[in-house]
Amino acid sequence: RNREYMTHPGAVGVLAFKTPSKILLVKQFRYPVGKFTYEIPAGKLSKGEDPLDCVHRELEEETGFVAKKIRKLLSFWPTAAFSDEVIHLYVAQDLRPTRMNPDDDEYIELVTVSPARLETLIHQGRIQDSKTLIAYLAWKNRSNSSTRR
């Protein structure tokens, strides 16, 4: 029996805190869904690239910031039914500005939101991107569980 599936080098996403109460999102037009989306900064791994190196690169390219502190949240398969892609999610803090340098085909608008506003956008259905949902909810779950100890 034959199976068709897509191979993919993997990707990263980063929940980046400009301040303890401000999260950086990128707004960009996504042709497959025909809409502008709000997403965490993210990007595809180059073949053999370490995910942490990719996080540093994509954060600076898409937001114009570098982070002193980056920690891993989790990794997940976004579509295990038809692709071997793994997305590695991180949290970045202690940001300092550098220079935004998006790819030639990327038209990105940087948006800053509070965690409460991000959650409102999720509940309104205005954020439907899986890596953004998973990163935020994983961060929120860890933050809540650490305050309950």
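Residues numbered from 1 in each chain as written. Predicted model: local features only at pLDDT ≥ 70, side-chain atom pairs only at ≥ 80, totals over all residues. Heavy atoms only, no water.

### Considerations on the packing of aromatic side chains
Under the convention used in this document: Think of it this way: a Phe, Tyr or Trp ring, Trp meaning its six-membered ring, pairs with another when their centres are within 6.5 Å, and the plane angle makes it stacked under 30 degrees, edge-to-face over 60, tilted otherwise. Helix and strand assignments come from DSSP, with helices taken as H or I runs of at least 4 residues and strands as E runs of at least 2, each series counted from the N terminus. Partly exposed describes any residue whose relative accessible area lies between the buried limit of under 20% and the exposed limit of over 50%, with all areas from a 1.4 Å probe on protein chains only and scaled to the type maximum.
Scanning all chains against the criterion turns up 4 aromatic pairs. Where Phe17 meets Trp139, the ring centres are 5.0 Å apart and the plane angle is 45 degrees; that geometry is what we call tilted. Residue Phe17 is located in strand 1 (residues 11-19), and its partner Trp139 is located in helix 3 (residues 130-147); the two are separated by 122 residues in the primary sequence. Judged on exposure class, the residue Phe17 and its partner Trp139 are both buried. Judged by centre distance (4.8 Å) and plane angle (75 degrees), the rings of Phe29 and Tyr31 are edge-to-face. Looking at Phe29, the relative accessible area reads 31%, which means it is partly exposed.

### Comments concerning the pattern of salt bridges
Selection rule: Between Lys or Arg on one side and Asp or Glu on the other, a salt bridge is scored when a side-chain nitrogen of the former is within 4 Å of a carboxyl oxygen of the latter.
Throughout the structure, instances matching the rule amount to 6 salt bridges. Between Arg57 and Glu58 there is a salt bridge, with the nearest N and O atoms lying 2.8 Å from each other. For Glu58, a relative accessible area of 5% translates into the label buried. Between Lys140 and Glu119 there is a salt bridge, and its shortest N-O distance comes to 2.9 Å. Within this pair, whereas Lys140 is found in helix 3, its partner Glu119 is found in helix 2 (residues 115-123), the two being separated by 21 residues in sequence. Classification of Lys140 as partly exposed rests on a relative accessible area of 26%. Each of Arg30, Glu39, Asp129 and Lys131 takes part in one network of salt bridges that share partners.

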